[in-house]
Every structure is written in structure tokens, then in C-alpha cells.
Amino acid sequence: MPKEVTIRTVPEDALNPERQKRMVARKLGVSPKRITHLKLRKRSIDARRKPIRFVLQFVVWVDQPYQPADNWKLPLQNVTGKPEVHIVGLGPAGLFAALRLIELGVKPVVIERGKAVRPRRRDLALLNREGTLNPESNYCFGEGGAGTFSDGKLYTRSGKRGDLTRVLHILHQFGASEDILIDSHPHIGTNLLPGIIQFIREQIIACGGEVLFETRLTGIHTQFDKLAALELDGNRTIPAQALILATGHSARDIFELLHHAGIAIHAKPFALGVRVEHPQSLIDQIQYRLQGDRPEVLPPAAYSVVSQEAGRGVYSFCMCPGGIICPAATDNGEIVVNGWSPSKRNNPYANSGMVVSLELSDFDFEHPLSAMEYQKRIEQCAFQAAGGQQVAPAQRLTDFVVGKPSQDLPGCSYLPGVTSIDLREVLPELVHLRLQKGFKHFGDKLKGYLTEEAIVVGVESRTSSPVRIPRDKLTRQHPQVAGLFPCGEGAGYAGGIMSAAIDGEHCATAAVSWLSGLH
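All of the points below concern the structure found in this document.

Basis of the calculations
- Residues numbered from 1 in each chain as written.
- Predicted model: local features only at pLDDT ≥ 70, side-chain atom pairs only at ≥ 80, totals over all residues.
- Heavy atoms only, no water.
- Core = buried A, V, L, I, M, F, W, Y, C linked by side-chain atoms within 4.5 Å.
- Buried < 20%, exposed > 50% of the residue type's maximum accessible area, 1.4 Å probe, protein only.
- Helix = DSSP H or I, 4+ residues; strand = E, 2+ residues; numbered from the N terminus.
- Contact = heavy atoms within 4.5 Å.
- Pairing = 2+ DSSP bridges.
- Axes fitted to C-alpha atoms, helices over the stretch in contact; angles between N-to-C directions.
- Phe/Tyr/Trp six-rings, centres within 6.5 Å; stacked < 30°, edge-to-face > 60°.
- Lys NZ or Arg CZ within 6 Å of the ring centre and 35° of its normal.
- Parallel < 35°, antiparallel > 145°, perpendicular 65-115°, else oblique.
- Left-handed = near helix turned anticlockwise from the far one by under 90°.
- Nonpolar A, V, L, I, M, F, W, Y, C, P; charged D, E, K, R; others polar.
- Salt bridge = Lys/Arg side-chain N within 4 Å of Asp/Glu carboxyl O.
- Expected span 1.5 Å × (residues − 1).

## Here we look at the nonpolar core
Okay, so step 1: Core analysis: the biggest nonpolar cluster contains 63 residues, and Val276, Tyr303, Met354, Leu435, Phe439 and Tyr449 have the highest contact counts within it.
Okay, so step 2: The biggest single contributor to this core is strand β3 (residues 53-62), with five residues.
Okay, so step 3: Ignoring any residue separated from it by four or fewer positions in sequence, one finds Met354 in contact with Gly273, Val274, Val276, Tyr303, Val305, Tyr315, Ser316, Leu435, Phe439, Phe442 and Tyr449.
Okay, so step 4: By size, the runner-up hydrophobic cluster in this structure holds 51 residues, among which are Phe96, Ile200, Ala242 and Ile502.

## Some remarks on the sheet that holds strand β8 (residues 226-232)
Okay, so step 1: Strands sit in the order β7-β8-β9 across an open sheet of three strands; the sheet is antiparallel. Each end of this open sheet is capped by a strand with a single partner; those strands are β7 (217-223) and β9 (236-239). Put simply, the sheet's adjacent strands are angled 30° from each other on average, direction ignored.
Okay, so step 2: Direction of pairing for β8 relative to β9: antiparallel, over a ladder of four bridges. The residue bridging Glu231 from the neighbouring strand is Thr237, located in β9.

## A short note on the packing of aromatic side chains
Okay, so step 1: Enumeration according to the criterion identifies six aromatic pairs in this entry.
Okay, so step 2: When the ring of Phe400 is compared with that of Phe439, the centres are 5.7 Å apart and the planes differ by 90°; the resulting orientation is edge-to-face. Placement of the pair is Phe400 in helix α9 (residues 397-402) and Phe439 in helix α10 (residues 429-445), with a sequence separation of 39 residues. Pair check on accessibility: Phe400 and Phe439 agree, each one buried.
Okay, so step 3: Clustering of aromatic rings is evident, with ring pairs tying together Phe270, Phe363 and Tyr374.
Okay, so step 4: If you follow Arg113 out to its NZ or CZ, it ends over the ring of Phe141, 4.0 Å from the centre.

## Re the packing of helix α2 (residues 92-103) against helix α11 (residues 497-518)
Okay, so step 1: Close contact between α2 and α11 brings their axes to 7 Å; oriented N to C, the two are set at 40°. For the element pair α2 / α11, the angle class is oblique. Regarding α2 and α11, the two cross each other, and that crossing is right-handed. Two secondary-structure elements touch here, α2 through Pro92, Ala93, Phe96, Ala97, Arg100 and Leu101 and α11 through Ile497, Ala500, Ala501, Gly504, Glu505, Ala508, Thr509 and Val512.
Okay, so step 2: Partitioned by chemical class, the residues of the contact of α2 with α11 number 10 nonpolar, two polar and two charged.

## What to know about the pattern of salt bridges
Okay, so step 1: For the structure shown, the criterion picks out 33 salt bridges.
Okay, so step 2: A salt bridge links Arg312 to Glu359; the nearest nitrogen and oxygen atoms lie 3.4 Å apart. Of this pair, Arg312 sits in strand β14 (residues 312-320) while Glu359 sits in the loop between β17 (349-357) and α8 (370-386); the two residues are 47 residues apart in sequence, bridging distant segments of the chain.
Okay, so step 3: Across the pair Asp362 and Arg312 runs a salt bridge, and its minimum N-O distance is 2.9 Å. Here the residue Asp362 occupies a position in the loop between β17 and α8, and Arg312 occupies one in strand β14, the gap between them amounting to 50 residues. By the burial criterion, Asp362 is buried, and Arg312 matches it.

## Quick notes on α10
Okay, so step 1: Compared with the 24 Å implied by 1.5 Å per residue over 17 residues, the 24 Å span of α10 between its first and last C-alpha is a close match.
Okay, so step 2: All of the buried residues along α10 are Val431, His432, Arg434, Leu435, Gln436, Gly438, Phe439, Phe442 and Gly443.

## Description of the environment of Glu178
Okay, so step 1: Considering the arrangement of structural elements, one finds Glu178 in the loop between α4 (164-173) and α5 (193-206).
Okay, so step 2: A relative accessible area of 42% means that Glu178 is categorised as partly exposed.
Okay, so step 3: Between the alpha carbons of Glu178 and Phe365 there is a distance of 45 Å; along the sequence they are 187 residues apart.
Okay, so step 4: Contact partners of Glu178, with chain neighbours within four places excluded, come to Lys39 and His172.

## Regarding the environment of Pro405
Okay, so step 1: One can find Pro405 in the loop between α9 and β19 (418-420).
Okay, so step 2: Note: C-alpha distance between Pro405 and Ile52 (353 residues apart in sequence) is 39 Å.
Okay, so step 3: Excluding anything up to four places from it in sequence, Pro405 contacts Gln395, Asp399 and Asp422.

## Overview of the side chain of Arg201
Okay, so step 1: Take Arg201: it is sitting in helix α5.
Okay, so step 2: Ignoring anything within four residues of it in the chain, the contact list for Arg201 reads Leu90, Ala116, Glu143, Val211 and Phe213.

## A short note on the packing of α2 against α5
Okay, so step 1: Interaxial distance between α2 and α5 falls to 10 Å at its minimum, and their mutual angle equals 35°. You can see that α2 and α5 cross each other, and the crossing is left-handed. Between α2 and α5, the contacting residues are Leu95, Ala98, Leu99 and Ile102 on the first element and Ile197, Ile200 and Ile204 on the second.
Okay, so step 2: Taken together, the residues of the contact of α2 with α5 break down into seven nonpolar, no polar and no charged.

Shown next as C-alpha cells:
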């Protein structure tokens, strides 16, 4: 039987297979000649103290022939003419729900308000270059959802939600690097993820599924407390028995549709703040304790920080090494920022959301749309303060912390441009004061972090859905509407690509079980 061995090695040896083989042999107490094969299983970096070490976990074959396991592959089949399940939203939850339906012999019909990846790229280029926003095709809406052009991070702490390894294997099957099966914090990159998503969509169609782009859900019709039909684009109605509602955290029209139809939704806490950007070289020096440039063998450094300030959590969110700040608004008259990194993470800046936890007591929590309206007001205030055209309000980090306007601003990756604004004009006092204290705390923890070279850009407001759509824990159906399956991040049950994908699979399985009981 193969053995499992973990070694710790300096960065210079991390890419040296012969050196690794000798270290593994020494740990096993055997000659390197007796090792017939080494397979790297997990890779991480321990930078807590010098010298920095790579932690490598191997599966080792000693005195026996290497017998590779069969390549993992998702079993798919032709579902033409099979019973249908409708899916609204082609983000991670919707994509993985569709694949799971095909695996179970059911036809997915996916309804997506936005465009396919390629035409969506053109709208994003116009948004970044001219500040012209298309409310139907942007960083949040379109094929692949918000994750497509927002980094492709595959790390989650939600291991109890389901089989994370299965999701990684599916992404690898559709073109992601094998590195995502190995790295402790896997990442695909915004430049590669669109092609993978397009490949998945093409496979869904090849198996007999349907994908309807530039199509909006405008009505849900029920009969005897069961789903009966869907209204599309306000002018046609199609019959439907099961609907997986996987619209993402920014589908405000869907939240309003449900509320006005009398289908229960609830206000949900979310986090609000800013995006802070540093030179990547500075973060490398802080995290790796370097005196000079980062060795090429080390990836651009990331960080994760958290503190409690006046009873609220203040924490980093969606940290993007070697990344870019992007405009993530979904409607005209609002400013929202997010971040992403290419696969090589080779841009000169590092950015991260820095947010404060909000609670239901901060809103009119008796109204189901109150958190959403609160979110919207802050985004509109940011737009008005900065003067429009997706220009974002910004301050130097050091000025933000002491509460004074910035006379000028450092370089910034945000392409539509930034303008100096005292962010007290934009952020609620409870958020601004806690961020000030949080940044001071993080500056004490990460020496050099609190610097005038860093810029704070507002606002980071789409951290999670401001609404939760209730569902039964066992059947995953809405308690009022049989056949309606709230799903993923927009419904309040996921937070990122991995957890959304897992929830999509679970909802697809539940929908098939529901259908089988009807036929």
C-alpha cells in the first residue's frame, strides 16, 4: 500500500523533485532508489516564522509499481426529452445544479438575465473604460455570475456543507489546473475562469439541457400552494413544476418580486465597508518578513485579519493578491467595488475588502427589504459623493484613520478612476468608526500595513445577500410554495463559489426527489 508522508522544505527546494525524494526517503528510513513514485497531494506555505517553509504532503510508493487511480470524471448522460427542472441564475449554484440534474437523468432549463461570457466581456470593458454600466450585463449578472470576473477563489471554511473535493474535481474536469486539487488555498484566476464556465455550459447543452440568456424571470405563478408556471420577460408564461432559484446576492428585482407576490422573505444581516489597496511588494515584505524582493518561488502574499471593535466584527474579505479593484454595481446611480486577481496574481497591487458586520437592529428588521434598501442607500450616496460615471470615493489609509480629507491619492488599480472624498460623507458612523479602530489594530498586528501608500476605496457592500429566502431543512423547498427551491448565495445559504456550488448540487438532488414523487 502507498504511504503518506509530510515534509517541510525551504522555498528553494519546493520545485526540486530530486531533493524532495531524498527528504521523503530519509523520513521513511529507506533508500531513494526504493521509491518508485511520489505524488504531491497537498501544498501549503508556513510563513509564521523564518525561515519560510513549504509544507508538502505526498503519497509514496515504495518497492511497488505505481498504479494510478482511474481519473475522476463526472458521469453525464443525454437528458433530451426527460422531465425538466428550471433554474434561474447561471452562477456557481446554477451551473452545479444543472450538472447534478444531468447526472441524475433530469433536464435542466437555465434562465439567465445576463449575457454569455464573450459578449459580457465587451460590456465590462465599456464599464471599466468609460464608466458606462449595463444593468443586465456587468460584474454580477451574466454567465457564471459574480464569480466569473471576480477572482475564482476556491477556498472555504464550509467543509460541513458537502463534498468540497467533488467540486474541485468537477472544475478540474472542465479545464482548471490540477493545482486546485493540491493547494491549501486553491484559486483559478479571472483570466481562466470564463473559459471553464463556457465549457460547462456547452456540456450542459450537449447533454440536452437548455440555457436561455438575456431572459428575465418576471413572475412566479402557483396553484394550490404549488409552483405552476413562470413568467419570463413580462410577456410569456411557461409551465414549471420545480424551480431552483439561484439568482445571486444582487438580484434585487427577484427579492422585490417575491415580496410583492406574498412569498415570504426575510431581511438578513450583511457586512459593509471599503476596499483597501496596498503595493503588493509591501504585503510581501510584511507577510514574508523580507528585506528585499520576493523570491519567484513564493506566491504573492495574502493576509487575513479580524478584530472586535465596540461589539462588532471588523474583518478582511475576499483578499486579492496581485489583483485589481473593479466596479461591481448593478444599476446606474450607485458605486460598488469588489476585487479580483488573474491566475498569476502578477499585478502590482494587493487589495482586500475591509468590512464591519451589521445586525438586524441596524435596519427596520420587520420589513423584509430593509437591509437591501439600507445597502442601496449607501451605494447611491457613494455615487453622488464621487460625482458619477463609476468614479469611486477614496482616501489615503492614514487620512481615513485620523479622519481628514486627502490632499492627493496614491496610484490605484480601479480603472474608472477615484476621487478624494472624506468617506465619513458616505459610510454610516457605526461603520466608519469601527473601521478606523480596526485599521489601527491591523497596523499594530502587521507592521507597515498602516501606510500613506495604501488607498481606501468605497464602498464594499455586496459581501452577502441582504435577504434570506426561507426553506425547509429537509426538503429545501420554500415553506409556502412546493416546488420552489431557494438556493445559493442570493437565498442566504452560501458565501462564495465552493459553498454555492455545493448548495446547487443539494438543491438539484432535492428537486429530483420532489419530481419523482409527482410522477
